[in-house]
Amino acid sequence: MPLLIGLTTTACFGPIPHGGGSGGGVTLQFVGAQPDGYFDKAIAAFEKANPGIKVKYVSNPASQLSQVLQARLGGKDSSIDAFTADEPKIPSMADRGFLLPLDDLKDEAGKQVSAEAVRATTFDNKLYALPLWTSTALLYYNKDLLKKAGIADPAKATDQRLSWEQLTADAKKAQAGGAQYGFAFEQPGRYYQLEPLIRSAGGGTGLSGAKNLTPAIQDRGWKKALTFYQGLFKKGITPKGIQYTQLPSLFANGKIAYFLANTPSIAIFQKNPKLKFGVAPSPTFAGGKPATPTDSWALAVSPYSRHQAEARKFISFLSLNEAGAALSGQDIARIPANKHAYAAWSQLIDAAGPELAGTSKLIADELSRTAVKRPSSIGYTDFESVVNKMIDNIGNGGDVNGSLTDGQSQLVNTLGRFGT
Amino acid sequence: MTTSIKPAAKPSAAPARRGRPAKIGGTRLAVLLMLGPALVAILFFRLVPAFEAIRTSLSDPQGPFAAYDRVFADPAFQASVRQTLLFTVLVNPFQIMLALALAVLLTQRLPLVGLWRTLIFLPAALPQVVSAIIWGVLFRPDGPLNAVLNALGLPHQPFLTSKFQALPGIIILVSWVGVGYWMMFLIAGLKDIPGDTLEAAKIDGAGPLRTFFQVTLPQLKRPLLFVLVADTIANFLVFAPVETLTAGGPDRSTNLIMYDIYERAYVAGDLPAASAETFILLCIILAVVSIQFKLLPSED
């Protein structure tokens, strides 16, 4: 009976925190959305430079990290010390009290990290996380499939980027020439991937008002972009119903002619020696202002952690320290937010393969001139959840105007609890 | 062994009047000790969390019933109630009839009947997420099921990307997982029917169908009621296939209520509303189960 009561009490009051402590050593629990082993090199370097602090990395699938953090930090779990935070969700997480403010690191961050990245981790004038990486989208194309269909390789210069209209025509031509699919998004059904299309079609971010809590998803830009998006599926150019994780392999295996994706996919493409691919800028709507997605993951400290000082040291090492930032960058896969690591990365990616020469300039251009951020709002997590479902619905054939009206009313209801 | 001293006439008459055994205290204590752990577990793992949920649902900063107002006004919740009730009405008869048919089939003298039972039961031993991923691949528009349909000359189906086929797809998935499990209970129930009753029916000239409906089925009422109630509750709580494959879509067609609660709690972080919705689900389940008990009395 006492054992049972003991067990149930433990179950009721949460997990027994473990953080070392005995014997002077501290073990930090670092939770992230990247696979097991992703941060091994960076952690090893940190542990070497900081004897007495050990770091244990716990991986969660990216699509579930938010929910896991909500459950654990919402329950004031003291066993998490540091974690990766999805940058656009930082205002929402700050509002829920999940992020320890890091204002005393603001100066250092300003020196080591790009201004755009600092903006992405700042809310209400407070710094809530240290940026790890940034991102952009590139149009990868299969040289063999294009050659078979008699299509010229798209130019790499950003002032010669394809229009979506031209890309659609070329994608169809590629299919006529034998490609199974003409074009695919790396992240269909996600606001991250669609926002640039919406913005380049003249639409707004979807949130308006002083605090970005008033939904506004029915403007002409939203309608145009989403109708175009649906058209790609309807015309059979883009495959339907395939899980995200399976898409890069489809391109790597020569099934897709054009693939709009971020930089981490390059590692998957390079695994297939038979694939000859090229890199071009993201398309834009004819007559519209070019736009590309941006921002990525940052590192935060939990306000419930019992080792906040050590956790801050750890995240500073991965973000603000040049060596640490380079090690957490996974070679060319991630674009570092750290200025020094970025310079080193630029050389790495240009040298990573014949098809990648000049890519760093292309990416630098996009980051400085066409990158559009996601709206900063405490309601962003809810917004993204509703909008993602709506985009998915439209991709599956739902009526565009009906879905937008439905989404708008759902957002008004969901965001209503924040007031305005 | 000591001889027990017989109690005085009066006390021994009292137990005899109430018809209880002589050692009252001993039996009660034994019962308490054996049921105790289970009762404590029910208290801590079921009743306390349930009261916690009700308390949380009433403690929204905007007022005691604000959470309930929010939930009822939400189009996603309204869709989830509709879709969950639709799901319930379709999946339960389907699963129970299939489980019953399989149970009857697999209590006949068939070769390798043990092997068939094991194979049919096996999916129930897999984690639901694994089954969902397997069916996710099968249902891919460019996947094996469409390949088979193509080979048979039938048109290509959208499956989970269609708002009309997604819910039936989930029904097939959860049935593949669960039917074997419920079948086991019905096999046990069928085996409990005394052979003489069936013999007697045969002698009286009843054919197999008549025997089934007028002899077998009435004898199966108790296990059937158990399977009906337990299956209904399990189906109200379906979550893993939706989370893994459809995220409630397309067009909210698979937005089952457990998934809606999960999203409200862990995506929106709106705990009072999620608790309110949990309590509403509890009331719906209690209502449905009471109706089932009324329609299928376990005692004749």
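Refer to the structure above for everything that follows.
First things first, this report covers the structure right here in the doc. (Residues numbered from 1 in each chain as written. Chains lettered and ligands numbered in written order. Predicted model: local features only at pLDDT ≥ 70, side-chain atom pairs only at ≥ 80, totals over all residues. Heavy atoms only, no water.)

What to know about a nonpolar patch on the surface
Residue and element names in this part refer to chain B.
No. 1: Where nonpolar side chains cluster on the molecular surface, the patch consists of Val31, Leu35, Leu39, Ile42, Leu43, Leu47, Val48 and Phe51 and spans about 720 Å² of accessible area.
No. 2: Along the polypeptide, Phe51 turns up in helix H2 (residues 24-57).
No. 3: With relative accessibility at 58%, the residue Phe51 sits in the exposed group. (Patch = residues over 30% accessible without salt bridge, like charges linked within 9 Å, V, L, I, M, F, W, Y side chains within 5 Å. Areas by Shrake-Rupley, 256 points an atom, 1.4 Å probe, with all protein chains shown as cover. Salt bridge = Lys/Arg side-chain N within 4 Å of Asp/Glu carboxyl O. Helix = DSSP H or I, 4+ residues; strand = E, 2+ residues; numbered from the N terminus. Buried < 20%, exposed > 50% of the residue type's maximum accessible area, 1.4 Å probe, protein only.)

Comments concerning the pattern of salt bridges
Opposite charge on two side chains allows them to pair when their charged atoms are near.
No. 1: Taken as a whole, this structure holds 26 salt bridges over all chains when the rule is applied.
No. 2: Notably, a salt bridge pairs Asp142 of chain B with Arg140 of chain B, separated by 2.9 Å at the nearest N-O pair.
No. 3: Put simply, Arg96, Asp382 and Arg417 of chain A together with Asp60, Arg70 and Asp270 of chain B are held in one network by salt bridges that share partners.

Notes on empty space enclosed by the protein
Residue and element names in this part refer to chain A.
No. 1: This structure, assessed with the given rule, holds one cavity of 30 Å³ or more.
No. 2: Within this model, the largest cavity holds a volume of roughly 80 Å³.
No. 3: Considering the residues around the largest cavity, the lining is formed by 13 residues, among which Trp164, Pro196, Leu197, Leu260 and Ala291 are closest to the centre.
No. 4: When contributions to the lining of the largest cavity are tallied by element, the ones reaching two or more residues are helix H9 (191-200) and strand E14 (292-293).
No. 5: When residues of the lining of the largest cavity are assigned to their parent elements, the largest contribution, four residues, is made by H9.
No. 6: Its residues assigned to classes, the lining of the largest cavity shows eight nonpolar, five polar and no charged. (1 Å grid on protein atoms, 1.4 Å probe; cavity = no way out; pocket = protein on both sides within 12 Å on 5 of 7 lines; lining within 4 Å. Points joined across faces, edges and corners; volume = space filled by probe spheres on them. Nonpolar A, V, L, I, M, F, W, Y, C, P; charged D, E, K, R; others polar.)

Points about the nonpolar core
Residue and element names in this part refer to chain A.
No. 1: Judged by nonpolar contacts, the single largest core of 100 residues is most densely connected at Phe83, Phe183, Trp222, Leu226, Tyr258 and Phe314.
No. 2: Excluding anything up to four places from it in sequence, Phe183 contacts Leu139, Trp164, Leu167, Ala171, Leu232, Ile237, Thr238, Pro239, Ile256, Tyr258 and Leu260.
No. 3: Counting residues in hydrophobic clusters, the runner-up holds 25 residues, among them Phe251, Phe259, Val279 and Leu362. (Core = buried A, V, L, I, M, F, W, Y, C linked by side-chain atoms within 4.5 Å. Contact = heavy atoms within 4.5 Å.)

What about the packing of aromatic side chains?
All names here are of chain A.
No. 1: What the rule picks out here adds up to 43 aromatic pairs over all chains.
No. 2: Their ring planes at 75 degrees and their centres at 5.7 Å tell us that Tyr38 and Phe39 sit as a pair that is edge-to-face. Each member of the pair, Tyr38 together with Phe39, is buried.
No. 3: An angle of 80 degrees between the planes, with centres 5.3 Å apart, marks the rings of Phe228 and Phe285 as edge-to-face. Residue Phe228 is located in helix H10 (residues 220-234), and its partner Phe285 is located in the loop between strand E13 (277-281) and E14; the two are separated by 57 residues in the primary sequence. As far as burial versus exposure is concerned, Phe228 and Phe285 are alike and both buried. (Phe/Tyr/Trp six-rings, centres within 6.5 Å; stacked < 30°, edge-to-face > 60°.)

With respect to the packing of helix H3 (residues 66-73) of chain B against helix H14 (residues 271-295) of chain B
Residue and element names in this part refer to chain B.
No. 1: Between H3 and H14, whose axes approach to 8 Å, the crossing angle comes to 75 degrees. By the criterion of interaxial angle, the relationship of H3 to H14 is roughly perpendicular. In this structure, H3 uses Ala67, Tyr68, Arg70, Val71 and Phe72 to contact H14, whose residues at the interface are Pro272, Ala273, Ala276, Glu277, Phe279 and Ile280.
No. 2: Across the contact of H3 with H14, the residue classes break down as nine nonpolar, no polar and two charged. (Axes fitted to C-alpha atoms, helices over the stretch in contact; angles between N-to-C directions. Parallel < 35°, antiparallel > 145°, perpendicular 65-115°, else oblique.)

Describing unusual backbone geometry
Residues and elements named next belong to chain B.
No. 1: Cis rather than trans, the peptide bond between Gly249 and Pro250 has omega equal to -10 degrees.
No. 2: Along the polypeptide, Pro250 turns up in the loop between helix H12 (240-246) and helix H13 (257-266).
No. 3: The phi dihedral of Leu112 falls on the positive side, at around 60 degrees, and the residue is not glycine.
No. 4: Within the secondary structure layout, Leu112 lies in the loop between helix H4 (75-105) and helix H5 (113-121).
No. 5: On the accessibility criterion, Leu112 (57% relative accessible area) is exposed.
No. 6: Residues other than glycine seldom take positive phi values, yet Phe159 does so here, at roughly 50 degrees.
No. 7: Summarising the element assignment, Phe159 is placed in the loop between helix H7 (144-151) and helix H8 (166-192).

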